[in-house]
Amino acid sequence: MPKSAGVVLAGGRSSRMGSPKAALEWHGSTLLWRTVSILSRATGGPVVVVRAAGQELPPLPPGTAVVDDPREARGPVQGIAAGLAALADQADVAFVSSTDLPFLHPAFVRRVLRAVESDGADVGLPVARGFRQPLAAGYRTALSPAAERLVAEGRLKPAFLFEQCEVAMLDEDALRSDPVLAALDPDLESVVNVNERADYESARARPSPEVMVQRLGVLADGHRGPRAVRAATVAEAAQAAEVTLGRHVVAALNGDQITRDGQAPLAAGDTVLFLSADAGG
Amino acid sequence: MTAGGYFGQALVADASTGSADILPLPDSVLRAYLGGAGLGAWLMHTLAPPRADPLGPEAPLAFVFSPLVGTPLTTSAKFAVVAKSPLTGMLTDALASSQFAIAGKYAGYDAIAVRGACSELSVLLVDGTGVRLMPAPELAGLTAAETDRRLRDRLGRGWRIAAIGPAGERGVRYATISHDGRHAGRGGLGAVLGAKRLKAVAVHAATRVAPAHPDAVLAAARDLRARSFGPATAKYRELGTLANLLTFNAIATLPTRNFQAATFDEAPQLAAEELADMRRVARSGCASCTIGCEHIYAARGGKKMRVEYENVFALGPMCGVGDPDAVLAASARCDELGIDTISAGGTIAWAMECADRGLIDAPWLRFGDADAMLRALDEIGAREGIGKLLADGSRRAAEQVGGGSAAFAPHVKGLEMPGYEPRSLHAMALGLAVNARGADHNRSGAYEADLSGDLDRLDGGAAHVAAAIETEDRAAVMDSMILCKFLRGVFDDPLTEWAGLLSAVTGWDCSAAELQRTARRIVLAKRVFNIREGWQPADDWLPERLLSEPLPLASGRVAALTPERLRAMIDGYYAARGLDLQGRPGEAEYADLQLADGQAAPGQARERPPLCS
């Protein structure tokens, strides 16, 4: 089975925001869409969204699974338990994220997961920007029974789970020891979250990340070589590169994933190649 | 009455005697197999004795036309050359283009087949007076292009020539047949003609055949012509297939140094985007084609050649050579010798790796050494030196060399692999493994699905199986009706639109559903022929290197194809095709092939392949 997967906790009350954070607009889609897409890209595995029972969610990327948090207002440990349980047969480890991390970078996800996948810990717990980050952390999916027991006992803080397993604490030096993460997210903005409206508006107003775009093949006509642009999505990158995604034009993200999805989010350091869809032949 | 666009007959010539028979082609067979590769498969079932030596006199080779040849439909001037391959021992069909298709068909036949062998090097002539053999010892050793020129000078106006080069005469197992610089390239068809001591086949139009509904065909031709200038064909018109090279390099899909890597540092030097400015001198196209995909480049020194992605990949990154002039020179040399660039490059690359590992005594043959590559090509063409080993292809060479070299011999069923990295294109991996011809990027177009964005190219599964089948079916129809695959992107609903074209030409009431069945029949007929000729389930597989050496990608993901994943995809393919777990058809599938015992064929008994119980 795939080694890693993603869990997005979307069931919070968003009381300080005043509206569901999952549905907040983000460069043509939503914060939830962005978070799911980033986890999908970073893990290469399935992504599960945990919502409150009956909660209406905004549109999701195709293939995203949704599970209901069976008991309301039991806090993040309940959501972690539900998400890990849903993935237990599909992956060994999962990155668990809240839905309100608009700058979450795939390099951050991969660095955290490595602590669990390769270094043998049960939890990879970042400690960044002055706080432990249990909702931007890696967990073994086998922890779901332990998490469920804690919920049944009314012990709802993630710290109780950490007492029962081996936790790799990843401070900022440990995180930045990954040269890719150090280069692409040096300030560890992956853990910046938005709680109030002003936070969101400030985040939304920031410049889009810097990415490299290049047109290849017949699309390269007069536009050879890579160049830097600012784009938060593949569609924004296409616009900057003056191409139109569609039947005859696709994008290749970081030389890997081929997509026509304009809403696919980008992160700092990404490269977007625009290709003729008639490649081959 | 024979359907429009057909003569309802094939010519079966005997190169031993210069005589010929007429093989009637019933409407039921023409409708079931259309023409081109499809009809060619049926003809091989009908004419080829089971388990015959492909280089023996009893082995037939057929030039097969189609109902669209001679119509104003763009890209319709194509023909298939079909035989049992001396490289793979299985069915091979190769398409080529232009005036030979029109002249050959208008000699009065839907196909021209030849059996037997001449007593001396000769040319087979077919025109309105029939068939004759013309001794031509003076053509020995000439390139196909020079042969073409001399014969047309000698025979006069209207004759069109399909010829072999010196490699075909010497039985290089991947020798080509060429017409006007275009090659029926894969599978060694040139060696088959060479074994018959036929330097060339010359055809001259003598009659015509009309489509059933000429006005409808004309209207369709106008429409198709207009669409052929649209964005779906832009790549072919503006840069040609060489545009693939930098793209494939950017997405880790460019086989490099015998599939040891999927990116090549020197790829930018060979990129169409740069090379076209420096070296492209002209653009041309086949007869009846509005796309004009042929990009003519000049190497330093002035030699000109058509450049395609496959010959640059095979003689460039595959051999570790990044010098564009060397790659162009090697491509020209392959044309002169009359050998398949993909098989030549793949076999040489394998030999380079063997030399690296000390498995063969050729210290001069190293990856990246262009002079060595050119020397190897010359020795292959002459069957001298290392050519004695390499002229039979990488599979036979690996059997001879041993030492584990079979694990990295880049072939499927003996046919060397084209420039598509299976580990990073999982739908294509399946297409390459199961295709009847061997590792083939034309009979399987599954890379389209991998590059579409609709599925994850590194996570082969059910969607990839479905995509591989869909593209294989579409290729079977296009290769049989025949339309050039560079036109495929202009069709919104291909089977429906192709059914309309066929109906207009033939007068049949074709439907998409019928063409879907036709596609499956053609694909199965090829498989059944191979089973008859000794195919085993283990032949539907990929080289061990591709299943045991993952490729890390810059994104952090790994391009890997495990035996388990490939097995699962092949099993899914078999199930969807109605085959058993051994890849063999049942009674119902076999019955649909119209390979009835006692069929009207000149004196051939056929052996029914084993059926699943």
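Residues numbered from 1 in each chain as written. Chains lettered and ligands numbered in written order. Predicted model: local features only at pLDDT ≥ 70, side-chain atom pairs only at ≥ 80, totals over all residues.

A. Molecular detail of helix H17 (residues 393-401) of chain B. Residue and element names in this part refer to chain B. Looking only at H17, the buried set comprises Gly 393, Ser 394, Arg 395, Ala 397 and Ala 398. Lining the buried residues of H17 we find helix H14 (341-357), helix H16 (387-390), strand E16 (411-412) and strand E17 (415-416). Just beyond H17, the residue with positive phi is Gly 402, at close to 65°. (Buried ≥ 20, exposed ≤ 12 C-beta atoms within 10 Å, placed from the backbone. Helix = DSSP H or I, 4+ residues; strand = E, 2+ residues; numbered from the N terminus. Contact = placed C-beta atoms within 7 Å.)

B. Main features of the sheet that holds strand E3 (residues 61-64) of chain B. Residues and elements named next belong to chain B. An order of E2-E1-E6-E3-E4-E5 is seen for the six strands of this open sheet, with the pairing classed as mixed. A strand with exactly one partner marks an edge of an open sheet, and here the two such strands are strand E2 (19-24) and strand E5 (91-97). When the angles between neighbouring strand axes are averaged without regard to direction, this sheet yields 20°. As paired strands, E3 and strand E4 (residues 78-84) are joined by four bridges and run antiparallel to one another. When the sheet's bridge partners are listed, Phe 63 is paired in E4 with Val 81. (Pairing = 2+ DSSP bridges. Axes fitted to C-alpha atoms, helices over the stretch in contact; angles between N-to-C directions.)

C. Molecular detail of the domain arrangement of chain A. All names here are of chain A. Taken domain by domain, chain A comprises domain 1 (4-199) and domain 2 (207-276). Here the C-alpha centroids of domain 1 and domain 2 sit 28 Å apart. Those elements that provide at least two residues to the side of domain 1 that touches domain 2 are helix H1 (31-43) and helix H7 (179-184). Counting residues per element, the side of domain 1 that touches domain 2 draws most heavily on H1, which supplies five residues. Classifying every residue of the side of domain 1 that touches domain 2 by side-chain character gives five nonpolar, five polar and three charged. (Domains from an automatic or database assignment. Nonpolar A, V, L, I, M, F, W, Y, C, P; charged D, E, K, R; others polar.)

D. Structural view of helix H13 (residues 324-337) of chain B. For H13 of chain B, spanning 14 residues, the distance from its first C-alpha to its last is 20 Å, which sits close to the expected 20 Å at 1.5 Å a residue. The first or second residue beyond H13 of chain B is Gly 338 of chain B, which carries a positive phi of 80°. (Expected span 1.5 Å × (residues − 1).)

E. Geometry of the domain arrangement of chain B. All names here are of chain B. Splitting chain B by domain gives domain 1 (9-204), domain 2 (231-415) and domain 3 (422-591). With centres defined by C-alpha atoms, the gap from domain 1 to domain 3 works out at 27 Å. Listed per partner, the contact involves 35 residues of domain 1 and 28 residues of domain 3. When contributions to the side of domain 1 that touches domain 3 are tallied by element, the ones reaching two or more residues are helix H1 (27-33), helix H2 (36-47), E4 and E5. Among the elements that line the side of domain 1 that touches domain 3, the one with the most residues is H2, at eight residues. Residue classes in the side of domain 1 that touches domain 3 are distributed as 16 nonpolar, 13 polar and six charged.

F. Structural context of the pairing of strand E1 (residues 9-14) of chain B. All names here are of chain B. Burial analysis of E1 places five of its six residues in the buried class, the great majority of the element. Two strands pair when backbone bridges link them, and E1 and E2 are joined in this way by six bridges, in the antiparallel orientation. When the sheet's bridge partners are listed, Leu 11 is paired in E2 with Ile 22. Between E1 and the antiparallel strand that follows it, E2, lie four residues; Gly 18 among them carries a positive phi value of about 80°. Examined bridge by bridge, E1 and strand E6 (residues 111-115) share five bridges and lie parallel to one another. Looking at E6, one finds that Ala 13 is bridged to Val 114.

G. Focus on the nonpolar core. Counting residues in hydrophobic clusters, the biggest one holds 253 residues, and the most contacted among them are Ala 113 and Leu 245 of chain B. Excluding residues within four positions of it along the chain, Leu 245 of chain B makes contact with Leu 254, Ala 267, Leu 270, Ala 271, Ala 272, Tyr 309, Val 312 and Phe 313 of chain B. In this structure, Ala 10, Val 49, Leu 101 and Tyr 139 of chain A belong to the second largest nonpolar core, which totals 63 residues. (Core = buried A, V, L, I, M, F, W, Y, C linked by C-beta atoms within 7 Å.)

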